[in-house]
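Here is what each chain is made of, one letter per residue.
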Amino acid sequence: MNETEIKAYRQRLNCSFEQIDHVFEACIEDALASLSPEGVSAYLDGATLVCLTGRGVEPVLSYLEEMPGMIRRLGDESLLETVAQTAWKLSRNANGRSIPMFLQTLGEVSRRLTSADLLRNYCELVLDFMRRTSGSIHGNQNATLPSPSLNDLLERMPQLLHELSCQGLRNWIEYGLQHYPNHPERQRDYFCLQSADSRAVLHRERHGTLFIDHERKLHLYLQALWNTDDLLVPYSSAFDQLRKPMPYYDDRGIRVPDVYDDLVADAGSPPSNSPPHGGGESEGRPPAGGVVISGLDRYRALLAHIAAHKRWSTPIVADNYSPFQRVAIETFEDCRIEQLAMREYPGLRRLWLALHPKPAEDACDPENESCIRHRLAMFSRATLDPDHGYRNPDLLEFLARFHELLADSDSSTQDMAGLAIAYIARTRRQADLSPKVHFTDTEVDYRDDNRHLWIFIEEGDEEEQFDEERRPQDTEETDRLPPRHYPEWDYQAKTYRPDWVSLYEALHPSADPAYIDELLARHRGLAKQLRQLLDRIKPQQYVRVRYQEDGSELDLDVAIRSLIDFKGGAQPDPRINMSHRHDGRDIAVTLLLDLSESLNTVPEGADRSILQLSQEAVSLLAWAIEHLGDEFAIAGFNSDTRHEVRYQHIKGFSEHWDDTVKARLAAMRAGFSTRMGAAMRHAAHYLAPRKADKKLLLILTDGEPHDIDEQDPRQLIEDARRAVHELDQQGIFTFCVNLDPRADDYVQDIFGQAYTVIDRVERLPEKLPRLFLSLTR
């Protein structure tokens, strides 16, 4: 193309940035080679429109550089206008700052989507996201506030498309839009993949073969074929793109990816039409020009390789070798253990060969690139493939020496180290030190990172990288346990918000137990009436429990039989004691107290706060249950947003009603809000395992569930209702004692008919124990 034609095309591009002139010739030549004349015209018009958005030269350069290649891949020139119009609409809606990121990531996005229709859908998705997350200070339809999270979403879009299908991506985005429409910071955390629920939903929507779905099958594979029972620990590759994690094993288990996609192997590779070692059926059908390796077979290939390392590899001192030598030793050792594994299970050759890249012999330029990875990948391929076709004399010589070492024995890791060092020394080139490393067709993704091969005597960068997890971390002592994460029911989406609530549990602080004794003395008359009632319903009949090694008295019949056996030379039965228990009641009870701020109010007609009345009622109830001998626990809860639900243990099932428990009850303080569903689920965590015929969760509250970070008044009510249903499935009966005069508006929605409303709160100390006795007769 001559200079006049270039100037003519440049004039048609109505954009005066000088930086464009430096790249325009290369861009227009690429466009002319890829586009029709109409397409070239649309290309220049689109670049002009992008320039008119007023976001500087960067978006224009991205458009000029990316669009010709995109059209070549997708084959639809109408995308030129679609992309330019999308950028223009972003600029007209207060979101112009997102245009550079939209265009910068578009090339990788198009490579993942692979079709023009999907790319058009993607542009519509971006615009829909922009409209739903942009705001206006006037409340009208014209957005004046930019989307807080659009730029973050666009930045991570290539990563998301590597992990999700298009439908999965839409579901993941829809979840964030539904749950964070009015919280800009939390919305940003979600779309930046920083929040726990963002990662949980991403994991749920990921495509491919999930490890969690095949964990048992893979465990059995290891046990049956490799006689090993190591723990398999999945890791995610979705959140660490800078240093992509690799499989490895240590004394704590084998780390494997949490998901593997089906892989299309080169048609020249031998097909893996059946799982290794025989048995089973092929998963997936090969498309034209390639062979599908299922995600499950990729897991099998990885585990077989690691199991072979565990059986035949021995660690060696790393400090004696250079980084180049270590890379070579790892490759040669990988080849050795695979040869030994294929002796036992010949079918592995087909699987590993299908997954192993086949580097072309002349693909790396030894004068301008570091070819060390390329040479080692060729050697590795040649050990698996007898028909490798390589002609390099050094490679063929060392390949023969490799097979000679393994001809009559298993050889050793130390032998491979010597051979690998000799190979590196023989094939070394000056360009091996170049920072331009040839990586194409050198990554064998079913192999681990070989950290188990090395013993480090002097600490350096390498062992810091491999053993980062093993270094002890400086941690501060805390006064509470790490948080437990509970889901929360979204009644609008009809699904759970995974790991939504963080619950912190702790032992309640203590105060003076004499305060509780004073409260009990104040209700001495009521306590006397309760004692008479308790004596009537308390189980009186004792039942013998025989055949006890430890008991309250000797069981003479069993003791005599044991003595006869002993005298006769037989093994005597040591269970010669017996004990007694009451017959009639087998109940476990948890009393869950709402400790929200509203308990500090003094109800009309009373001279004490609801908190003080609750202390009196709970004291009388605890005294009554202790008198009956039932198992019971007491806990209180409140919340300060979903990130901190506080659950405080006042009395455990194994504790008696004594001064220690009274001291905790005396220290009760009210504050914050009432996120009831999470507290109920956590109470069930302790109540469900109790071995009792009847399990009762008794909730004492003075209002409806609410929290300051939830705008929908129905959300926490519906979640509590769902929690009641969950507890019912676990065999726990839930009953609510509500002190709110307006409770009829919502309490039945949560608990059905299992509730009572106490309008006169000052009578709570009298009514609560009687209510419990009526529930447990």
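Cut-offs applied
Residue positions within a chain follow its written sequence, with the count starting from 1. Totals for whole chains, interfaces and linings use every residue, but because this is a predicted model, local features are given only for residues with pLDDT of at least 70 and side-chain atom pairs only at 80 or more, for both listing and counting. Only hydrogens and water are set aside when side-chain values are computed; all heavy atoms of the structure are taken into account. If DSSP finds at least two bridges between two strands, the strands pair. Going along the chain from the N terminus, every DSSP run of H or I of four or more residues is numbered as a helix, and every run of E of two or more is numbered as a strand. Orientation is described by axes fitted as lines to C-alpha atoms, over the contacting stretch for helices, and by angles from 0 to 180 degrees between their N-to-C directions. Whether two residues are in contact is decided by their heavy atoms, any of which lying within 4.5 Å being enough. Any two of the Phe, Tyr and Trp rings considered here, Trp counted by its six-membered ring, make a pair once their centres fall within 6.5 Å; the pair's planes then place it as stacked at under 30 degrees, edge-to-face at over 60, or tilted in between. A simple rule labels every residue: compare its accessible area, found with a 1.4 Å probe on the protein chains alone, to the largest value its type can have, and call it buried under 20%, exposed over 50%, or partly exposed in between. The criterion is simple. A nonpolar core is a set of buried Ala, Val, Leu, Ile, Met, Phe, Trp, Tyr and Cys residues joined through side-chain atoms within 4.5 Å. Directions from the helix axis toward the C-beta atoms define the arc. Residues enter patches when they are more than 30% accessible in relative terms and free of salt bridges; like-charged ones are connected within 9 Å and nonpolar ones (Val, Leu, Ile, Met, Phe, Trp, Tyr) within 5 Å. Residue exposure ignores everything except the shown protein chains as possible cover, and the areas themselves are Shrake-Rupley values with a 1.4 Å probe. Salt bridges, as used here, are contacts in which a Lys or Arg side-chain nitrogen is within 4 Å of a carboxyl oxygen on Asp or Glu. The charged-residue count follows a simple rule in which Lys and Arg add positive charge and Asp and Glu add negative charge, with His and chain termini not counted at all. Think of each charge as sitting on NZ of Lys, CZ of Arg, CG of Asp or CD of Glu. Only a pair of cysteine sulfur atoms within 2.5 Å counts as a disulfide in this structure description.

**Student:** Quick question: what am I supposed to make of the sheet that holds strand β18 (residues 694-701) here?
**Tutor:** Adjacent strands of a sheet form backbone hydrogen bonds with each other and so pair up, either parallel or antiparallel. The eight strands lie next to each other as β10-β11-β17-β16-β15-β18-β19-β20, forming an open sheet whose pairing is mixed. The sheet terminates laterally at β10 (484-490) and β20 (755-757), the two strands that pair on one side only. Direction aside, the axes of adjacent strands within the sheet are offset by 25 degrees on average. On the sheet, helix α24 (residues 659-666) packs against β11 (495-507) and β17 (645-651) and is oriented at approximately 145 degrees with respect to β17. On the sheet, helix α26 (residues 715-729) packs against β10, β11, β18 and β19 (732-738) and is oriented at approximately 110 degrees with respect to β10.

**Student:** Looking at this structure, I do not really get the packing of aromatic side chains. What am I missing?
**Tutor:** Centre distance and the angle of the planes are the two values used to describe a pair of aromatic rings. Using the criterion set out here, one finds 21 aromatic pairs in the structure. Ring centres of Tyr-43 and Tyr-63 lie 6.1 Å apart, and the angle between their planes is 20 degrees; on these two criteria the pair is classed as stacked. Residue Tyr-43 is found in helix α3 (residues 37-51), and its partner Tyr-63 is found in helix α4 (residues 57-74); the two are separated by 20 residues along the sequence. The pair Tyr-43 / Tyr-63 is uniform in exposure class, with both members buried. When the ring of Trp-226 is compared with that of Tyr-345, the centres are 5.2 Å apart and the planes differ by 70 degrees; the resulting orientation is edge-to-face. Highlighted residues: Trp-226 in helix α12 (residues 211-226) and Tyr-345 in the loop between α14 (323-344) and α15 (348-355), separated in sequence by 119 residues. Across the pair, exposure class does not vary: Trp-226 and Tyr-345 are buried alike.

**Student:** So what exactly am I meant to see when it comes to the nonpolar core here?
**Tutor:** In a soluble, globular protein the nonpolar side chains are often hidden away together inside. Within the largest apolar cluster, 99 residues are counted, with the highest numbers of intra-cluster contacts made by Tyr-43, Tyr-63, Phe-102, Tyr-122, Trp-172 and Leu-592. The residues contacting Leu-592, other than those within four sequence positions of it, are Ala-635, Phe-637, Tyr-647, Ala-679, Met-680, Ala-683, Leu-697, Leu-698, Ile-699 and Leu-700. One finds Trp-226, Tyr-260, Tyr-299 and Tyr-423 within the second-largest nonpolar core, a separate group that totals 62 residues.

**Student:** Where do I start with helix α11 (residues 196-205) in this structure?
**Tutor:** Taken as a whole, α11 has its buried residues at Asp-197, Ser-198, Val-201, Leu-202 and Glu-205. The arc that holds every buried residue of α11, seen down its axis, measures 140 degrees, which confines them to one face. Those residues of α11 that are buried lie in contact with α8 (150-163), α9 (166-179), α10 (184-191) and β11.

**Student:** I would appreciate a short explanation of a negative patch on the surface in the present structure.
**Tutor:** Taken together, the side chains of Glu-704, Asp-744, Asp-745 and Asp-759 make up a negatively charged region of the molecular surface. With respect to the helices and strands, the residue Asp-759 is situated in the loop between β20 and α28 (764-775). Residue classification places Asp-759 among the exposed positions, given a relative accessible area of 54%.

**Student:** Help me understand the pairing of β18 in this model?
**Tutor:** Counting buried residues in β18 gives seven out of eight residues, a clear majority hidden from the surface. When strand β15 (residues 587-594) meets β18, the two strands line up parallel, connected through seven bridges. Across the sheet, the residue bridging to Ile-587 is Lys-694, located in β18. Here seven bridges tie β18 to β19, and the two strands are oriented parallel to one another. Looking across to β19, one finds that Leu-700 is bridged to Val-737.

**Student:** Mind showing me how you'd approach unusual backbone geometry here?
**Tutor:** In most cases, non-glycine residues show a negative phi, while peptide bonds are predominantly trans. Positive phi is not limited to glycine here, since Leu-193 has a value of about 65 degrees. Summarising the element assignment, Leu-193 is placed in the loop between α10 and α11.

**Student:** Explanation requested: the pairing of β11 in the structure shown.
**Tutor:** Each regular strand shows side chains that alternate between the opposite faces of the sheet. For β10 and β11, the ladder comprises six bridges, and the chain directions are antiparallel. From the neighbouring strand, Tyr-486 faces β11, where its bridge partner is Val-501. Hairpin remark: β10 followed by β11, antiparallel, with four residues in the connecting loop; positive phi at Lys-494, about 55 degrees. Pairing analysis gives five bridges linking β11 to β17, with the strands arranged parallel. Looking at the pairing, Leu-503 lines up with Val-645 of β17.

**Student:** What's the story with a nonpolar patch on the surface in this structure? I'm lost.
**Tutor:** A cluster of nonpolar side chains, contributed by Leu-554, Leu-556, Ile-560 and Ile-564, occupies part of the molecular surface with about 410 Å² of accessible area. For the nonpolar patch, the leading source of residues is helix α22 (residues 556-567), giving three residues. Considering the arrangement of structural elements, one finds Leu-554 in strand β13 (residues 553-554). Given a relative accessible area of 43%, Leu-554 falls into the partly exposed group.

**Student:** Any chance you could explain the sheet that holds strand β4 (residues 253-257) here in plain terms?
**Tutor:** Read across the open sheet, the three strands follow the order β2-β4-β3; overall the sheet is mixed. The open sheet has two free edges, formed respectively by β2 (232-235) and β3 (248-250), since each of these has just one partner strand. Going from strand to strand, the sheet's axes swing by 25 degrees on average, the running direction of each strand aside. As paired elements, β2 and β4 share four bridges and run parallel to each other. Of the residues in β4, the one forming a bridge with Leu-232 is Ile-254. Of the strands in this sheet, β2 and β4 are in contact with α12, which crosses β2 at around 145 degrees.

**Student:** Help me understand the state of the cysteines in this model?
**Tutor:** Note: disulfide means a covalent bond formed between the sulfur atoms of two cysteine side chains. Scanning the entire structure with this criterion turns up two disulfides. At a sulfur-sulfur separation of 2.2 Å, the disulfide partner of Cys-15 is Cys-51. Between Cys-15 and Cys-51 the sulfur-sulfur dihedral comes to about 75 degrees; the bridge is accordingly right-handed. Here the residue Cys-15 occupies a position in the loop between α1 (3-12) and α2 (18-34), and Cys-51 occupies one in helix α3, the gap between them amounting to 36 residues. Residue class for Cys-15 comes out buried when judged on its relative accessible area of 6%. Between Cys-364 and Cys-371 runs a disulfide, and the two sulfur atoms are separated by 1.9 Å. Across the S-S bond of Cys-364 and Cys-371 the torsion is about -85 degrees, and the bridge reads as left-handed. Judged on exposure class, the residue Cys-364 and its partner Cys-371 are both buried. Numbered in order of appearance, the disulfide-bonded cysteines of the protein chain are paired 1-2, 3-4.

On their own, these measurements won't tell you what the molecule is for.
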